[in-house]
Amino acid sequence: MVSGSASVRLSTQLSGILSAELTVAEVSTFADGELYVRIPGPLDGEDLVVVQTSYPNDKLLELFLLQDALWDSRPASLTVVIPYFAYGRQDKRFREGEAISSRAVAKRVQINAHRIVTVDVHDRRVVDYFDVPFKDISGMPALARYFAEQGVEMVLAPDENAARHAEAIGSLMGVPWDYLKKERIDSWTVETEEKALEVEGLKVAIVDDVISTGGTMASAARIIKRQGARSVVAGCVHGLFVGGADDRLKGFDDVVATDTVYSGYTKVSVAPELAEELSRLK
Ligand code: R5P
């Protein structure tokens, strides 16, 4: 197993579970800011797994360089694990002339890869963009474990896209789940439709695949607090927490994210589910 600089802790956990040897890539920058990548070897002819989350942008570029270096060692197999598949939300052309960014990234990462493994890509239709075997695993069991420990009594999706996540967690925990409808106005602004929910007196977790600015979470929380929720937790698989997210999330009793992207909110790991998938590969 080879870890890029974005996923060292997750790779360490994974390699421990799988009893696989771990090599951490040497990564630095030249004076002009260009990346330098070297993987201490020898690696020739091995079954290799490289783990590198693709956020922020320089980590995606680092992944391309890691793949280039590893491919030259003529691996028996090269599995590319991308815990957070960046650009996944631009998965179609919303306005004429736009790039379909998730397709662009998918096309590039499958160069120098025998197979790709991701965690909760924003839309699984990205599979259509891959010519190599592709597997998307779910981070929802990790969130469900945490919510169960915390005594969460209901799970809510802040929009229709996330309803399948709330359903997955609700089913795993054996608690009710529901979803709201939202309209995105711009990157920082969303409007959530009012909806009567049975949340009075309950500890409710709002779950999404990604928290970016926190606007979606804050808007959903306002609705259920007005309806008498006792305690509100924000949970996501991929926590980006940009553009003032910390302030928007201040009203939550707890915020949790997995380790696909590291932040101060990373409290659970997707390592068990990723390890299970990787152990099936050989
Ligand atoms: C988009 O549909 C995603 O699932 C999330 O709902 C979105 O990325 C959250 O963004 P923000 O935290 O900026 O509202």
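Everything below is about the structure shown above.
This is a predicted model, so every value here is computed, not measured.

Participant: Would you explain the site of the ligand in this entry?
Facilitator: Every one of the 14 residues lining the ligand counts as a neighbour, but Arg 89, Asp 208, Asp 209, Thr 213 and Thr 216 are closest to it. Here Arg 184 contributes a side-chain N or O atom positioned 3.1 Å from an oxygen atom of the ligand. One nitrogen or oxygen atom from the side chain of Asp 209 is found 2.6 Å from an oxygen atom belonging to the ligand. In this structure the site holding the ligand corresponds to the largest pocket. Those elements that provide at least two residues to the shell around the ligand are strand 11 (182-186), strand 13 (203-211) and helix 6 (215-226). The biggest single contributor to the shell around the ligand is strand 13, with four residues. For the shell around the ligand, the per-class residue count stands at two nonpolar, six polar and six charged.

Participant: Mind showing me how you'd approach the pattern of salt bridges here?
Facilitator: Close approach of charged atoms allows side chains of opposite charge to pair. Within the structure shown, the criterion is met by twelve salt bridges. A salt bridge links Arg 124 to Asp 136; the shortest N-O distance between them is 3.0 Å. You can see Arg 124 sitting in the loop between strand 7 (115-119) and strand 8 (134-137) and its partner Asp 136 sitting in strand 8, a full twelve residues away along the chain. Overall, Asp 136 belongs to the buried group, its relative accessible area being 11%. Asp 247 is paired through a salt bridge with Lys 250; the nearest N and O atoms lie 2.7 Å apart. For the pair shown, Asp 247 and Lys 250 are each scored as exposed. By sharing partners, the salt bridges in this structure join Glu 276, Glu 277 and Arg 280 into a single network.

Participant: For this particular structure, what's the right way to read unusual backbone geometry?
Facilitator: Negative phi is the rule for most residues except glycine; trans is the rule for most peptide bonds. In the segment running from Gly 41 into Pro 42, the intervening peptide bond is cis, with an omega of -5°. Within the secondary structure layout, Pro 42 lies in the loop between strand 4 (35-38) and strand 5 (47-51). Across the junction of Tyr 55 and Pro 56, the peptide omega takes the value -5°, indicating a cis bond. Turning to its location among the elements, Pro 56 is positioned in the loop between strand 5 and helix 2 (57-71). For Arg 74, which is not a glycine, the phi torsion comes out positive at approximately 50°. Tracing the backbone shows Arg 74 in the loop between helix 2 and strand 6 (77-82). By relative accessible area, which is 70% here, Arg 74 ends up exposed. Residues other than glycine seldom take positive phi values, yet Tyr 87 does so here, at roughly 70°. With respect to the element layout, Tyr 87 can be found in the loop between strand 6 and helix 3 (101-109).

Participant: Mind showing me how you'd approach the sheet that holds strand 14 (residues 231-239) here?
Facilitator: In any sheet, the strands associate via hydrogen bonds between backbone groups, in a parallel or an antiparallel arrangement. In spatial order, the strands read 10-9-13-14-15; together these five strands make up an open sheet with parallel pairing. Two strands lie at the open edges of the sheet, namely strand 10 (177-179) and strand 15 (254-257), each paired on one side alone. Averaged over all neighbouring strand pairs, the angle between strand axes comes to 25°, with direction disregarded. Strand direction decides the pairing type here: strand 9 (residues 154-157) and strand 10, joined by three bridges, are parallel. The partner of Leu 156 across the bridge, within strand 10, is Asp 178. Relative to the sheet, helix 4 (residues 140-150) contacts strand 13, strand 14 and strand 15, its axis offset from that of strand 14 by approximately 155°.

Participant: How should I be thinking about the nonpolar core in this particular structure?
Facilitator: Side chains of a nonpolar character, in soluble globular proteins, are inclined to be buried together. Leu 14, Leu 143, Phe 147, Val 155, Ile 169, Met 173 and Leu 274 are the most contacted members of the largest nonpolar core, which totals 34 residues. The element best represented in this core is helix 4, accounting for six residues. Ignoring any residue separated from it by four or fewer positions in sequence, one finds Met 173 in contact with Ala 144, Phe 147, Ala 148, Val 152 and Val 155. Ranked by size, the runner-up nonpolar core spans 26 residues in total, among them Val 37, Ile 116, Phe 130 and Phe 134.

Conventions we followed
Residues numbered from 1 in each chain as written. Predicted model: local features only at pLDDT ≥ 70, side-chain atom pairs only at ≥ 80, totals over all residues. Heavy atoms only, no water. Near = heavy atom within 4 Å. Polar contact = N/O pair within 3.5 Å; in protein donor to acceptor, adjacent residues only side chain to side chain. 1 Å grid on protein atoms, 1.4 Å probe; cavity = no way out; pocket = protein on both sides within 12 Å on 5 of 7 lines; lining within 4 Å. Sits in = over half its atoms within 2 Å of the grid points. Helix = DSSP H or I, 4+ residues; strand = E, 2+ residues; numbered from the N terminus. Nonpolar A, V, L, I, M, F, W, Y, C, P; charged D, E, K, R; others polar. Salt bridge = Lys/Arg side-chain N within 4 Å of Asp/Glu carboxyl O. Buried < 20%, exposed > 50% of the residue type's maximum accessible area, 1.4 Å probe, protein only. Pairing = 2+ DSSP bridges. Axes fitted to C-alpha atoms, helices over the stretch in contact; angles between N-to-C directions. Contact = heavy atoms within 4.5 Å. Core = buried A, V, L, I, M, F, W, Y, C linked by side-chain atoms within 4.5 Å.

Such coordinate-based values are descriptive only and should not be taken to indicate function.
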